[in-house]
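Structure at a glance
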Amino acid sequence: MANEFKLNNCPTDGISSVKFSPSTSQFLLASSWDMSVRLYDVTENSQRFKYEHKSPVLDCCFSDSVHSWSGGLDGSVMMYDLNTGRETVVGRHNNSIRCVEYCSDTNVVVTGSWDQTIKLWDPRSHNNIGSYSQPGKVFTMSVCGDHIIVGTCGKSVVVWDLRNMGYVEQRRESSLKYQTRCIKSFPNKQGYVLSSIEGRVAVEYLDPSVEVQKKKYAFKCHRIKENGIEHIYSVHAIAFHQRYSTFATGGADGYVNMWDGFNKKRLCQFHLFPAAVSSLAFSNDGSMLAVASSPLYGAELSPSSNGEDAIYIRHVTDAETKPKTSSGLA
Amino acid sequence: MVICKFYQQGNCKFGSRCYNEHVRYNSNENRNRGQQRSQNDNYGNRGRNQNFVQPSRFDDSHRQHKSHTTENYSSPFNRGGSNNTNFSSESDKHHTQQSIDKFHWTSKSQSNRFNALTELEEPPLSSNTVQSEDHAAMFKTISEDMALWPSSKMWPFSCYSYAKEKNCVEGLADIQPEEIRTLYYLHGLERYRNILDEVELIYTKRKEELRYMSEETKSSLLSQQGLSIDSNPSADLSIYSLYGPGTEFKSSSSKVADVAALPTQSTVNPTITRTTTDLFKPAVAQPNTSALPPPSSSFIQQPPPTGGALGQIFKTVPAAETKPLVSASLTSKDATYTDKTELTASELQQFESQSFTLGKIPMRPPPKDLCR
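To keep things clear, this report deals only with the structure shown in the data block. It should be emphasised that the depicted structure is a prediction, and the values quoted were computed from it without experimental measurement. Along each chain, residue indices are assigned from 1 in the same order as the chain's sequence is written. Each chain is given a letter, starting from A, and each ligand a number, starting from 1, according to the order in which they appear as written. Residues qualify for local features only when their pLDDT is at least 70, as the model is predicted, and side-chain atom pairs are given and counted only at 80 or more; totals for whole chains, interfaces and linings, by contrast, use all residues. Excluded from the side-chain calculation are hydrogens and water; included are all heavy atoms of the structure.

1. A short note on the overall build of chain A
Helix and strand labels come from DSSP, where a helix needs a run of H or I of at least four residues and a strand needs a run of E of at least two; each type is numbered from the N terminus. Of regular secondary structure, chain A possesses two helices and 30 strands. Long-range pairs, those at least 24 residues apart, make up 43% of the contacts in chain A between residues at least 6 apart in sequence. Accessible surface is estimated by sampling points in the Shrake-Rupley manner with a 1.4 Å probe; for residues, cover comes only from the protein chains shown. When the accessible surface of chain A is totalled, it reaches about 10800 Å², and 46% of it is carbon and sulfur. The criterion used for residue contact is that any of the two residues' heavy atoms lie within 4.5 Å.

2. A look at the pattern of salt bridges
Each salt bridge in this description consists of a side-chain nitrogen of Lys or Arg and a carboxyl oxygen of Asp or Glu lying within 4 Å of one another. Using the criterion set out here, one finds 20 salt bridges over all chains in the structure. Where salt bridges share partners, they join Glu 198, Arg 200, Arg 223 and Glu 230 of chain A into one cluster.

3. A few points about the nonpolar core
Residue types Ala, Val, Leu, Ile, Met, Phe, Trp, Tyr and Cys, when buried and joined through side-chain atoms within 4.5 Å, form a set referred to as a nonpolar core. To sort residues, take the accessible area from a 1.4 Å probe on protein chains only and compare it with the maximum for the residue type: under 20% means buried, over 50% means exposed, and anything in between is partly exposed. In terms of nonpolar packing, the biggest core is built from 41 residues, with Ile 142, Phe 157, Tyr 160, Ile 180 and Leu 221 of chain B touching the most fellow members. Every element with two or more residues in this core is listed here: α5 (127–151) and α6 (177–211) of chain B. A per-element tally of this core places α6 of chain B first, with 10 residues. By size, the runner-up hydrophobic cluster in this structure holds 32 residues, among which are Leu 28, Ala 30, Leu 267 and Val 277 of chain A.

4. Overview of the sheet that holds strand β7 (residues 67–72) of chain A
Residues and elements named next belong to chain A. Strand pairing follows a simple DSSP-based rule, namely that at least 2 bridges must link the two strands. Spatial strand order, β6-β7-β8-β9: four strands in an open sheet with antiparallel pairing. Whereas interior strands pair on both sides, the edge strands pair on one side only; in this sheet they are β6 (57–64) and β9 (86–92). Mean inter-strand twist for the sheet, computed between neighbouring axes without regard to direction, equals 25°. Here β6 pairs with β7 via six bridges, running antiparallel. When the bridges of β7 are listed, Val 57 appears paired with Gly 72. Under this scheme, a helix contributes an axis fitted over its contacting stretch, all axes are lines through C-alpha atoms, and angles between N-to-C directions fall in the 0 to 180 degree range.

5. Describing the side chain of Thr 111 of chain A
Residue and element names in this part refer to chain A. Mapping Thr 111 onto the fold places it in strand β11 (residues 108–113). Here Trp 121 takes part through its side chain, which lies 2.9 Å from a polar atom of the side chain of Thr 111. Not counting chain neighbours up to four residues away, the residues in contact with Thr 111 comprise Val 77, His 93, Ile 97, Cys 99, Val 100, Thr 117, Ile 118, Lys 119, Trp 121 and Met 141. Identification of polar contacts relies on pairs of N or O atoms within 3.5 Å, with a donor-acceptor requirement for protein atoms, meaning one able to donate a hydrogen and the other able to accept it, and with residues adjacent in sequence counted only if both atoms are side-chain atoms.

6. Section: the pairing of strand β26 (residues 256–260) of chain A
All names here are of chain A. Among the five residues that make up β26, five are buried, leaving the element largely enclosed by the rest of the structure. Going residue by residue along β26, you find Val 256, Met 258 and Asp 260 tucked away on one face and Asn 257 and Trp 259 tucked away on the opposite face as well. Pairing of strand β25 (residues 247–251) with β26, which is carried by four bridges, proceeds in the antiparallel orientation. Paired with Gly 250 across the strands is Val 256, a residue of β26. Linkage of β25 to β26, two consecutive antiparallel strands, is achieved through a turn of four residues, within which Gly 254 is found at a positive phi near 95°. Summarising the sheet, β26 and strand β27 (residues 265–269) pair through four bridges and their orientation is antiparallel. Directly across from Met 258, in β27, lies its bridge partner Cys 268. Hairpin connection of β26 to β27: four residues between the antiparallel strands, including Lys 264 at a positive phi of 55°.

7. Digging into the pairing of strand β5 (residues 46–52) of chain A
Residue and element names in this part refer to chain A. Two strands pair when backbone bridges link them, and strand β4 (residues 36–41) and β5 are joined in this way by six bridges, in the antiparallel orientation. Bridging across to β5, Val 37 finds its partner in Tyr 51. Counting the residues in the hairpin turn of β4 and β5 gives four residues, including Asn 45, whose phi is positive at 55°.

8. Quick word on helix α12 (residues 345–352) of chain B
Those residues of α12 of chain B that fall on the buried side of the exposure criterion are Glu 347, Gln 350 and Phe 351 of chain B. Along the axis of α12 of chain B, the buried residues cluster in a sector spanning 95°; they form a single face. Within this analysis, the arc is defined by the directions that extend from the helix axis to the C-beta atoms.

9. Regarding the packing of aromatic side chains
Residues and elements named next belong to chain A. In this analysis, rings of Phe, Tyr and Trp, with Trp reduced to its six-membered ring, are considered paired at centre separations within 6.5 Å, and the interplanar angle assigns stacked below 30 degrees, edge-to-face beyond 60, and tilted for intermediate values. As enumerated under the stated definition, the model contains 17 aromatic pairs over all chains in all. Seen in terms of ring centroids, Phe 186 and Phe 262 are 5.3 Å apart; in terms of plane orientation they differ by 40°. Their pairing is tilted. Of this pair, Phe 186 sits in the loop between β18 (180–185) and β19 (191–196) while Phe 262 sits in the loop between β26 and β27; the two residues are 76 residues apart in sequence, bridging distant segments of the chain. For Phe 186, a relative accessible area of 2% gives the class buried.

Shown next, in the form of structure tokens:
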């Protein structure tokens, strides 16, 4: 029995983001450079809905099980009602929208853009609650409880408290030496994982006290040695298993690795995917992992696609995702 | 994890296979004794080199392990040192030679930025030589990282800093892969390739400069890093960290200032050709002849402020270029300070007041006359 399959009707161009529905592992949202956002029924392996933007879409998210929000290069924030099939343009940014996230604690949708701001939107009234400037173009964001962690260009990381946006709660530098690629927060909200273009991932903690900060570390991954030269690949995607707090990283090399952040061990590595892994998502119950693979995110800058864009759904087992507790070790 | 006692003595026979954690310093001990020889971290020779005086604390705590000979540092089993090279800043140059231990990571806990607080307790041996050694190490790291960058096939358009918590080196702006891809959708294959070549050239040039360090490059790097070495690294909201050398602060963040900034940009830079300012604007009526799925003309108009963004990104690159993309900085306007006339009323008020109000801190540098 195959534990992994490819979705039908995959987007025709690079897949920028995949997200599972918050309430069920049946539905998956996928945004793509072919300007569409599609909803898939994973159990039936079929495409349920599709709606279009006027430009490539860079991120999408569910605000609840029937509403999806997405943003793209033209800067418009679009909300789609899956029941009525109606699209609404909720607002705009001055430049392309790079990330869209939903915070369930405060019931707000946050969009981050290359215009160096993040904007908050109310999912019900569709009003823009606020616009907050960041130290640089927003490259990645992650919701952490009622906080939001924003990674910008120039290696800055900014933590905002969504309940009190009057000031920046924490302003830090990424502890890696190169461009930040992705940030995801731990399910226990103690910290976050940050990846860079240099095949390196850092695990950091939010508590600024010295004892906690001493626990932070970084490790190398997604590097391949060929003929004595080490090729270093960007780590494009990180996804957390909600129950076990282990995380998966996907890189431009086409591999997906599972890591146990607390014991500092790699749990497993999946097979090589046909193209670079652009996005990862675990379902809420942790039974499935969606892997979006697109040659657009590969190491070459050339725009010609040498492979196809595809989304693979993998049923993950405990052996692959659960931390190993071995006897005899501390 | 349990910290390996034998490794701390410099003599762990399991080396990288050891199940315990190989940490140079047990931080609890340091606080108790109040001593820290953290500068040895950079050279990784703590246990091996007999020339260093073994502080008494090691003998105190591991007296019961006398059976492990502490003096035999050149023993072939002492592979304890190799694990540490992961977290020193110079270690990156070794990453091609190091065996990557799949099951153990070394913690970076020893070389976090709070080390600076304890380092102050050390009696300065000779502050000049120590500093120049630091600088030499910094130059070496930068040079080696630049040398490795092209061959490693890493994303070329990224900012870079030579060590954690240090500011980014000037001249290398942060551009995401999605932004580059956007150019392809906006301009079509031909234009995209041309733009990409030009941008790549700028980056390659800068990396070459950093790799083959001239005196000029060194002095500019030092002056840029100067503030960060002396200042307290744990002061997050220091003015310097807000206005750091990163180019992202040069472009204004407020909407009002955007409109104000653009006219001055275009009047001062007559040398910027169409290629720069149009980079993020949709291709005007250019029929897309190559077979691409999304026609570039269907893009919604991007507002002008983004058009200047790419030009502003390369403002800090030294002005010796003749290439049109490199805006040979604003010669009549100093990019370190903003004109008083350009600031909004609230920004001006912030600068003139005694201290900044949180939440209203301006994103742009102050005018020169307001700096003391």
